[in-house]
Amino acid sequence: MFWIKILASIMIFIPSTIIGIMLSRKYSSRVENITSLINCILILDTEIIHLSNPVNLAFKNVYERSKSKVSMIFLKTIEALNNNRDSNLYSAFKNTLELEGSKYNFTKQDEEILLSLAKVIGVTDREEQKKYFDTTIEQLKIQRKEAIEEANKNEKLYKKLGVIFALLIILILI
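Heads up: these notes are all about the structure in this document. These numbers were taken from a predicted model, which means no experiment stands behind them. (Residues numbered from 1 in each chain as written. Predicted model: local features only at pLDDT ≥ 70, side-chain atom pairs only at ≥ 80, totals over all residues. Heavy atoms only, no water.)

**What to know about the nonpolar core**
Argument step 1. In terms of nonpolar packing, the biggest core is built from 38 residues, with Ile-41, Leu-44, Phe-59, Phe-74, Phe-93 and Ile-121 touching the most fellow members.
Argument step 2. Looking at this core, the elements with two or more residues in it are helix 1 (2-50), helix 2 (55-65), helix 3 (72-83), helix 4 (89-100), helix 5 (108-120) and helix 6 (126-173).
Argument step 3. The biggest single contributor to this core is helix 1, with eleven residues.
Argument step 4. Those residues within four positions of Phe-74 in sequence are excluded, and the remaining contacts are Leu-37, Cys-40, Ile-41, Leu-44, Phe-59, Val-62 and Phe-93. (Core = buried A, V, L, I, M, F, W, Y, C linked by side-chain atoms within 4.5 Å. Buried < 20%, exposed > 50% of the residue type's maximum accessible area, 1.4 Å probe, protein only. Helix = DSSP H or I, 4+ residues; strand = E, 2+ residues; numbered from the N terminus. Contact = heavy atoms within 4.5 Å.)

Now the structure itself:
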């Protein structure tokens with residue numbers, strides 16, 4: 001009987017702890033993804049402002065030059081834009097974020113920052129676009145700082161809650 005209780009306790013403890021760890025990873029993942037997104041925007045800035053590449057080529061180059069999973073947003077946006085000739089960059093970007101955004105743990109604010117940039121890419125002159133790139137990068141840095149603070153606070157919380165929940169269930173069952 002003792003070994004059955006030990007085995008049952010282990011079978012409760014391990015999954016509950018793993019769930020707590022998985023929930024906590026959402027916060028560190030957001031920090032990593034915002035950092036990657038900043039790098040992608042910097043590449044896009046170089047491609048459009050300094051190299052004067054067209055939007056299609058610039059987005060493709062962002063995907064190819066960035067080694068992060070966030071760069072997939074740029075590839076999917078260009079694919080959506082190429083597949084739907086009536087669409088503009090903003091709507092293609094918005095649709096991509098609606099479909100893919102949850103994979104990256106972006107908040108609505110993160111997505112709104114990106115969409116505000118998508119409104120001006122290719123529409124305004126270089127100087128205006130440069131201002132928007134700089135503003136977007138600064139806003140994303142603020143979001144990253146908030147995400148780091150949120151991660152520091154909530155990662156430990158979810159890990160501890162997973163363990164505490166497991167111990168509570170074990171105590172109730174024993």
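The structure having been displayed, the exposition proceeds.
**So, the packing of helix 1 against helix 5**
Argument step 1. Viewed as axis vectors pointing N to C, helix 1 and helix 5 meet at an angle of 10 degrees, and their least axial separation amounts to 12 Å. In this view, helix 1 runs roughly parallel relative to helix 5, as classed from their interaxial angle. The segment helix 1 lies against helix 5, with Arg-30, Ile-34, Leu-37 and Ile-41 engaging Asp-110, Leu-114 and Leu-117.
Argument step 2. Here the contact of helix 1 with helix 5 is composed, by residue class, of five nonpolar, no polar and two charged. (Axes fitted to C-alpha atoms, helices over the stretch in contact; angles between N-to-C directions. Parallel < 35°, antiparallel > 145°, perpendicular 65-115°, else oblique. Nonpolar A, V, L, I, M, F, W, Y, C, P; charged D, E, K, R; others polar.)

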